[in-house]
Each structure stands twice: as C-alpha cells, then as structure tokens.
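Structural overview for review
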Amino acid sequence: MRLPLPPAAASAAVAVTAAVVAALAVLPGPAVAAETPAASSFTISDPRIKESSGLAASRVHPGVYWTHNDSDDGPYIYAVDSATGRTVARVTLTGIGTPRDVEAISLGPDGQLYVGDIGDNRGGTWDHVWIYRFPEPKQLGDVTVKATQFTVKYADGARNAEALMVHPVTGRVYIASKDENKGGLYEGPAELSTGGTNVFRRVADVPWVTDGAFSPDGGRLALRGYFTARTYPWKDGLPVGEGERVDAPWQGQAESVTYTPDGSTLMFGAEGEGSRVIAVPVTVAAPSASPQPGSPSGAAPLTEPTGSFGKGALVLAAGLILVLATKRLLRRRRER
C-alpha cells in the first residue's frame, strides 16, 4: 500500500523516478530473462484488479491463479485464467473484519487459501495483523464464503510485511517482513489458533522482500523484491546458504511471485491496472557473490554487486531510498 504524498513531495518522487529510469536505460544489457510465450505469461485484464499484490497457483483448476488487491477494495479474492487473462471467479469473504492492507496469498497442503492482511506502511504501528483462511473453491464462479480469521503478532514487535508463505508439506505459515535495512523471516506456530494471538518468531534475516513462495515439493523458498529475486534450499525449517539469483523481470511495483504447480516455472506479478504476469523457467544459477558483511548464512544480499543488472539495481535502490526518506521526513513533520 502506498501513502499519498503532498504535491511538492510527489513532484520530487516523480523526478527521482525519472532520473532513475534514465540512468538504468544507459546501462548495457541487463541480465533479465526474456518473456516466455504468451501461453505462459499473461496480462490481468480485469479493471477491478488494480493493485495485484499476491499470487497463488490453483491446484484444483489448471492454469488459474488467485490474486487480490492491495487495499481499498474490500474482502475480495480473484481467480484469473492465465489462458485468457480474464477473471473467472470472485470470492467474497465473510466472517472477518474490514481488511486493512492485504499483501499476500498462499495455498496450503490442506487445500485452503491463506490470505495475509499483513501490510503496515506506517513503519510497523499496528499492534497486530491478520491471516484469513478459506477452502479453495471447487467450482469457479462468483461465490461468498465464510473465512477463518487469525490474529498475528511478532515476538519482537510490530513489522511491515508483504510476503506470506505456507509450506506445502508441513503446513506451517511463514511471514517475511519488508525493511530497507534488514528484514526478517518469521515462523508461525505449528498450527494457527483462533483462540488467541498467534506469535510469529524471527528465524532468519532476509533482504528487502515483497513476496515469497515455496516450491511445490517444499524443497526451495523463492523470495523477490523490487530489484532481485533468489531461491534458497529449504532444510530443517530454514533457508540455507546464499541462494541463487533468479533472472526476474523488471516490473516497477513488483509485488508477487508463485511457483507453477509442477515447480518448473516462477510466475512474477506486479501492481497496476492491466499488469503483466511473467513466467520465468526455473534453472539453477551460478553461485552469486558473498553476502554483505554481517549477513547470516541464511540471508542474501539486497543487490548484486557485479554485472549490468546489479548496477541498475543499485541505481534503482538509491532512487527508492530517496523516496522513502522523503516520505519519512513528511511523516515526521505531520506528527509534529
């Protein structure tokens, strides 16, 4: 979710963005994957879906992907047919409160969809967030379902987060917080409970993350940000090593990722009306550079230090940091 900026700040942000894009344009040969044929990649055509912030591949309906808006939409989840880009179902959730900032969706081994109302762009001020769970519909079409609502808190205090992943074997839920300095991977309890607060505990450091997904066999964890994406071997409930870089596409407001049901492809999505979901075949990349000093073995560097893609990412990161700094300064002034 993006907070509105005053005109002067908005103009500054636009100027920074323009400069960043111009700088990126002169860099030679970015190492991003070309789009796969239209049968794999697709465009979301529903004008109601303006801020697609999560993706989950259906296991019941081949070629269908579940998504949702970021905010200001209501308790709705959409099923999009990748063959046509059209919405084939809209699920209205009941039995929950008013969604605040829905950022992620994941399908569990129990056949249920988990929706993460976990965003908090005000610097981690919500003392709790929510997860909604409901069975994946067997039939496609507009339907109203009663969802289960779970209250979530973090053991080390409030966090802004955009990534929620359900392990396809254990069913345990994980959340990755979003922070420009150092985010965290948080592990939920073995089973979520409606009887009280579900405390998520930090188990690893992660880079800037806007979404994540487990491979269908549970053996790898994919994490994406605005500039890079990596996959990590998953062992004993933790990501292992530095991970391998994935040639994720540049998508601007890059907000979502999921595996195809067979695990052969990663699907990358973004916010915006008529947004494109791009398929990138899964390959094992060459080992990347060592992590930044102080990073644990389970965390990856935020940006690649070498290569044209890494240079572009550094330029983009600098622009984003300037925009974030402007937002923070304005927020502090309003608080005074």
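Starting afresh in each chain, residues are numbered from 1 along the sequence in its written order. In view of the model being predicted, local features appear only for residues whose pLDDT reaches at least 70, and side-chain atom pairs are presented and counted only at 80 or more, with totals across whole chains, interfaces and linings using the full set of residues. With hydrogens and water excluded, all non-hydrogen atoms of the structure serve as input to the side-chain values.

**Quick word on the confidence of the model for the protein chain**
Stated formally: Confidence scores labelled pLDDT are given residue by residue by the predictor and lie between 0 and 100. By definition in these notes, contact holds between two residues if any of their heavy atoms fall within 4.5 Å.
Confidence along the protein chain averages 79 in pLDDT terms, with 73% of residues attaining 70 or more. Low pLDDT, under 50, characterises residues 1-39; the predicted model gives this stretch 53 contacts beyond four residues in sequence or across chains. Long-range and interchain partners of residues 285-336, a stretch whose pLDDT sits below 50, account for 86 contacts in this model, where long-range means more than four residues apart.

**A short note on the sheet that holds strand 20 (residues 254-259)**
Here is the rule we go by: DSSP bridges decide pairing: two strands pair if at least two such bridges lie between them. A helix here means a DSSP run of H or I that spans at least four residues, while a strand means a run of E at least two residues long, and both kinds are numbered starting from the N terminus.
The strand order 1-22-21-20 describes an open sheet built from four strands, whose pairing is antiparallel. Each edge of the open sheet is held by one strand with a lone partner, namely strand 1 (42-43) and strand 20. Note that strand 1 and strand 22 (residues 276-281) share two bridges and pair antiparallel. Counterpart to T43 in the pairing with strand 22 is R276.

**Brief notes about the pattern of salt bridges**
If the charged atoms of two oppositely charged side chains come close together, the side chains can form a pair. Note the cut-off: In what follows, salt bridge is the name for a side-chain nitrogen of Lys or Arg lying within 4 Å of a carboxyl oxygen of Asp or Glu. Residue burial is assigned from relative accessible area. The probe radius is 1.4 Å, only protein chains are included, and a residue is buried under 20% of its type maximum, exposed over 50%, and partly exposed in between.
Per the stated rule, a full pass over the model turns up eight salt bridges. The partner of D205 in a salt bridge is K182, with the nearest N and O atoms 3.5 Å apart. Linking D205 in strand 14 (residues 197-206) with K182 in the loop between strand 12 (173-177) and strand 13 (183-187), this pair joins segments that are 23 residues apart in sequence. You can call D205 buried: its relative accessible area is 16%. For K182, a relative accessible area of 45% puts it in the partly exposed group.

**Thoughts on the pairing of strand 12**
Burial analysis of strand 12 places five of its five residues in the buried class, which makes it a mostly covered element. Taking every second residue as pointing to the same face, both faces of strand 12 are buried, with V173, I175 and S177 on one and Y174 and A176 on the other. With five bridges joining them, strand 11 (residues 161-166) and strand 12 adopt antiparallel strand pairing. Across the sheet, A163 pairs through a bridge with A176, a residue of strand 12. A loop of six residues connects strand 11 with strand 12, the two strands running antiparallel in sequence, and G171 in this loop sits at a positive phi of about 80°. Sheet topology note: the strand 12/strand 13 ladder contains three bridges and is antiparallel. Bridging across to strand 13, Y174 finds its partner in E187. The turn linking strand 12 back onto strand 13 is made up of five residues.

**Digging into the environment of W126**
Relative to the helices and strands, W126 is located in the loop between strand 7 (112-117) and strand 8 (129-135). Considered as a pair, W126 and G157 are 31 residues apart in the sequence and their alpha carbons are 9.5 Å apart. If we ignore the near neighbours within four places in the chain, the residues touching W126 are R100, G119, D120 and A158.

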